[in-house]
Amino acid sequence: MKIAVTTSGDSLAAPMDSRFGRAAGFLVYDTDTKVLQVVDNAQNLNSAQGAGIQAAQTVAEAGANVVITGHCGPKAFRVLQAAGITVYNCEAATVQEALGLFGEGKLLTASDADVEGHWS
Amino acid sequence: MKVVIASGKGGTGKTTVAVNLAWFLANCGRKVQYIDCDVEEPNGNFFISAHFSERIPAFVMLPAVDQQKCTSCGECSSKCRFNAIVRLPGNTMIFPELCHGCGLCLLVCPTKAISEDEREIGIIERGMGWGGISFVHGVLNVGEPMPNPLIRKVKEQGLADHIQIIDAPPGTSCSFVETISDADLVILVTEPTPFGLHDLKISVEVARARGRSICVVINKDNGIFRPLEKFLEERQLTITARLPENRKVAEVYSEGNILLEELPDYRAHFSSIAAEVFRQSENLMHSPMGVLP
Ligand code: SF4
Ligand code: SF4
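Here the residue index of a chain counts from 1 through its sequence in written order. Both sets of labels track the order of writing: A upward for chains, 1 upward for ligands. Given that the model is predicted, a residue must reach a pLDDT of at least 70 before its local features are reported, and side-chain atom pairs must reach 80 or more before they are shown or counted; all residues, however, enter totals for whole chains, interfaces and linings. Computation of side-chain values: all heavy atoms of the structure, hydrogens and water removed.

Caption draft 1: Here's a closer look at the side chain of B:R87. Relative to the assigned elements, B:R87 resides in strand β4 (residues 85-88). Within polar-contact distance, the side chain of B:R87 engages the backbone oxygen of B:S72 at 3.0 Å. Those residues in contact with B:R87 that sit more than four places away from it in its chain are A:Q57, A:E61, B:S72, B:C73, B:G74, B:S77 and B:T92. Here a helix means four or more residues in a row that DSSP labels H or I, a strand means two or more in a row labelled E, and each is numbered from the N terminus. Here a polar contact is taken to be a pair of N or O atoms separated by no more than 3.5 Å, where protein atoms must pair a possible hydrogen donor with a possible acceptor and residues adjacent in sequence count only if both atoms sit in side chains. By definition, residues are in contact when any of their heavy atoms lie within 4.5 Å.

Caption draft 2: Summary view of the site of ligand 2. Residue and element names in this part refer to chain B. The immediate surroundings of ligand 2 are formed by C70, T71, S72, C73, G74, E75, C76, R87, C109, P110, T111 and I114. Buriedness of a pocket was judged along seven lines, with at least five required to meet protein on both sides within 12 Å; pockets are open sets of points on a 1 Å grid over the protein atoms alone, cavities are sets where a 1.4 Å probe fits but cannot get out, and lining residues have an atom within 4 Å of a point. Here the criterion for a molecule occupying a pocket or cavity is that more than half of its atoms lie within 2 Å of the pocket grid points. With respect to the detected pockets, ligand 2 is housed in the second largest cavity. Partitioned by chemical class, the residues of the shell around ligand 2 number six nonpolar, four polar and two charged. In these notes, residues near a molecule or strand are those with any non-hydrogen atom within 4 Å of it. For this scheme, ten residues count as nonpolar: Ala, Val, Leu, Ile, Met, Phe, Trp, Tyr, Cys and Pro. Four count as charged, namely Asp, Glu, Lys and Arg, and the remainder, Gly too, count as polar.

Caption draft 3: Region of the structure containing the confidence of the model for chain B. Per-residue confidence from the predictor is reported as pLDDT, a score between 0 and 100. Residues of chain B with pLDDT of at least 70 account for 98%, and the chain-wide mean is 91. Taken over the whole predicted complex, pTM reads 0.77, whereas the ipTM for its chain interfaces reads 0.72.

Caption draft 4: Structural view of the packing of aromatic side chains. All names here are of chain B. Working definition: rings of Phe, Tyr and Trp (its six-membered ring) pair if their centres are within 6.5 Å, and the pair is stacked with planes under 30 degrees apart, edge-to-face with planes over 60 apart, and tilted otherwise. Tallied over the full model, the rule gives six aromatic pairs over all chains. Relative to F47, the ring of F46 has its centre 5.2 Å away and its plane inclined at 75°; by these criteria the two rings are edge-to-face. Note on classification: 1.4 Å probe, protein chains only; a residue is buried when its accessible area is under 20% of the maximum for its type, exposed when over 50%, partly exposed between these limits. For F47, a relative accessible area of 4% gives the class buried. With 5.0 Å between their ring centres and 40° between their planes, F47 and Y253 make a pair best called tilted.

Caption draft 5: Fine view of the environment of B:Y34. All names here are of chain B. Take Y34: it is sitting in strand β2 (residues 32-36). Among residues more than four places away in sequence, those in contact with Y34 are T15, A18, V19, A22, G44, I48, I133, S134, F135, V136, I165 and D167. Here the side chain of Y34 touches D167 through a polar contact of 3.2 Å, side chain to side chain.

Written out as C-alpha cells, the structure reads:
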C-alpha cells in the first residue's frame, strides 16, 4: 500500500504541510517495499484555480491508495474519491508521526471535504 | 453608439447616472436602449420597469467525455489552463465550475473522445420600458463563477440604431474589461473621496489601455477635493458633470424613482453629459469607420 503525506520536506522527519492542493509536495511511502518517494507539487502552488484537482491527479498518478493531509477541499476530494484513494485528516507535526498514527489506526477518514473550495 | 457607465466600486451612483441619462436621451427623442451588464446584481430594471417579452437562456460550451473512447492519455488535462479536466485511469472528470468553455481539450484529444455539450449559466431578459426605452439585462445563475460569457451575450443584444446605455459591473476586474471592450465612450462615475479616487485611477488605466474615450462624472460633489482635481488635470480628463451631494438623491434612488423627474434641478447636469454623448457620436460619424447614431 502507498501512503501520500503532504509535506514541504523530503524525509520522514520533515514537517507536515496541512494544505492539500497547495502543499509544497508529497512524500509517498510504500508499506510493502519501505521505499520513500518525493513527489513535487510546486507547479501547482501558483495555479489560479483547480490546484487541489491537479494535486489529486498527481497523487493518483504516483499510485497512492491513501492520502494523509490537514485539509482537503471538495473538488480535490471528489477526484481522490473517484481514484479510489482514502483521505485521512491529521494534525501531526511530522511525516513520521503521521505515518505512525495511521499505522496505529488512530486517524479518522475525511468523510467529506472539510474546507470549502474557492468557488463554492 | 455604445456608452458604458462604470465606476470602480459599487454605490458611487453609476446606475443613477445610467438610468437618468437614458431618461434624458429618450426625452430628447432619441432611440435609447438600456443594457444592464451587471449580471451579478442587475438592478437597472428597478428604474426602467420594462415588461419582459422575451427570456433567452444563455449557455456555454461544456465538454463531455466518452469514457469508452478515452485512452487516459492525459493530453486534455495537461493542456487545460484552468485545471478543469482531470484524467484518472478509466475516468476522465470535468469540473464545470472551472471550465471556461475554450474548447482546447476537444482539439487535443487524439481519440476524439470529447464532444460538445452545454451548460446554462444564466438568462437574458428583454422588453420595453417607459418612454420607449428598449431594455435588456442578464441574470447570472446563483453560484456561477464566470460572468463574462453572459456579459458578452447580453451585449450581443445591442441594437445598432440605438444609443446603447450600458451599465457596467462595478469594479475593474475582467468583467469590467469585457464590458468596455468595444465602447465608444466610457463615462466613469466617481466620488470626491480617497476611495473614489483610488478606484478611478485604476479604471482610467484600464480604459486608456484599451484605447477607449473617457469622460468623468463626479457624483456627491461637495466642494473641491484637491487630489481628485489634480489627477484629472494631469491626465487631461474632462469633467463632464458634477452632481451635487443631496440627501434626497438617495431617497429617490431607494424608491426606484427617476432623479430627473423628482429633482428637475439635475437636468442641466445631464444635459452636459448628453452633449458629450452627442459630441462623441459626431466624432464617430466623421471617423472613417463611422457607425451611427
Ligand atoms: S473547454 Fe477549455 S477550460 Fe474547459 S475543460 Fe476543455 S480545455 Fe479546459
Ligand atoms: S485527451 Fe482524450 S483520450 Fe486523452 S485523456 Fe483526455 S479524453 Fe481521454
